[in-house]
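# Commentary on secondary and tertiary structure
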Amino acid sequence: MGDGVAEIFNISVAPSFQQQGIGSRLLKFALDALFDKRIRRVELGTGTFGYQLGYYQRHGFRVCAVVVDHFLKNYPGPIIENGIQHKDMLHLYLDLV
């Protein structure tokens, strides 16, 4: 993204391999590689609720903005998780210092 800032666009693990720490190891690998490249801030977007939000928060990410109606405006159909439709996106960041 420039000026020492990078974006993580997607991390995913096949359902049969989830809950084994693979995603956390992938994220740590990516963050270490970005730090080695002198990236000092990592940003990403996720839904306002659900497993993904807790996952990133457990790894130290913090909320810096809310993008209202992101999922309504940028996806062809509704994204439903646990019976709730995602509408807004949280923009998260992590400083690598």
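Nothing here was measured: the structure is a model prediction, and the numbers come from that model.

### Here's the deal with the overall build of the protein
From N to C terminus, the protein includes three helices and six strands. Starting at the N terminus, the α and β elements of the protein follow one another as β-α-β-α-β-α-β-β-β. Here the C-alpha coordinates of the protein stretch approximately 40 × 35 × 20 Å along the principal axes. Split into buried and exposed, the 97 residues of the protein put 30% on the buried side. Long-range pairs, those at least 24 residues apart, make up 69% of the contacts in the protein with a sequence separation of at least 6. In the protein, which carries 10 positive and 9 negative side-chain charges, the distance between the mean positions of the two groups comes to 5 Å.

### So, the packing of aromatic side chains
This model, assessed by the stated rule, comprises four aromatic pairs. Ring geometry for Tyr-55 and Tyr-56: centres 5.0 Å apart, planes at 70°, overall edge-to-face. Taken as a pair, Tyr-55 and Tyr-56 share a single burial class, namely buried. One aromatic cluster is present, formed by Tyr-51, Tyr-55, Tyr-56 and Phe-61 through successive ring pairs. Lying across the ring of Phe-35, Arg-40 places its NZ or CZ 4.3 Å from the centre. A cation over a ring is seen here: Arg-41 above Tyr-93, with NZ or CZ 4.0 Å from the ring centre.

### Points about helix α2 (residues 51–58)
All of the buried residues along α2 are Leu-53, Tyr-55 and Tyr-56. All buried residues of α2 fall inside an arc of 160° around its axis, so they share one side. Elements that come into contact with the buried residues of α2 comprise α1 (22–36), β2 (41–47) and β6 (89–95).

### Thoughts on the sheet that holds strand β1 (residues 5–7)
The strand order β1-β2-β6-β3 describes an open sheet built from four strands, whose pairing is mixed. Because the sheet does not close on itself, it has two edges, and the strands there are β1 and β3 (62–67). Each strand axis lies, on average, 30° off the axis of its neighbour in the sheet, ignoring direction. In the sheet, β2 pairs with β6 via seven bridges, with the strands oriented antiparallel. Bridge pairing in β6 links Gly-45 to His-91. Those strands touched by α2 are β2 and β6, and its axis lies near 160° from that of β2.

Definitions and limits used
Counting from 1, residues in each chain are numbered in the order their sequence is written. Given that the model is predicted, a residue must reach a pLDDT of at least 70 before its local features are reported, and side-chain atom pairs must reach 80 or more before they are shown or counted; all residues, however, enter totals for whole chains, interfaces and linings. With hydrogens and water set aside, each side-chain value is computed from the structure's full complement of heavy atoms. Strands here are runs of E lasting at least two residues and helices are runs of H or I lasting at least four, both read from the DSSP assignment and numbered beginning at the N terminus. Per-residue accessibility, obtained with a 1.4 Å probe over protein chains only, is compared with the maximum for each type, and a residue is labelled buried under 20%, exposed over 50%, and partly exposed between these values. Any two residues whose heavy atoms approach within 4.5 Å are treated as being in contact. Positive charges come from Lys and Arg, negative ones from Asp and Glu, while His and the chain ends are left out of the count. Taken as the charge location is NZ of Lys, CZ of Arg, CG of Asp or CD of Glu. Ring pairs are drawn from Phe, Tyr and Trp, using the six-membered ring of Trp, whenever the two centres fall within 6.5 Å, and their geometry is named by plane angle: stacked under 30 degrees, edge-to-face over 60, tilted for the rest. When the NZ atom of lysine or the CZ atom of arginine is within 6 Å of a ring's centre and also within 35 degrees of its normal, the charge is said to sit over that ring. Directions are taken from the helix axis to each C-beta atom, and the arc is the one they span. Any two strands are treated as partners once DSSP identifies two or more bridges connecting them. A fitted line through C-alpha atoms serves as each axis, taken over the contacting stretch for helices, and the angle formed by two N-to-C directions is quoted from 0 to 180°.

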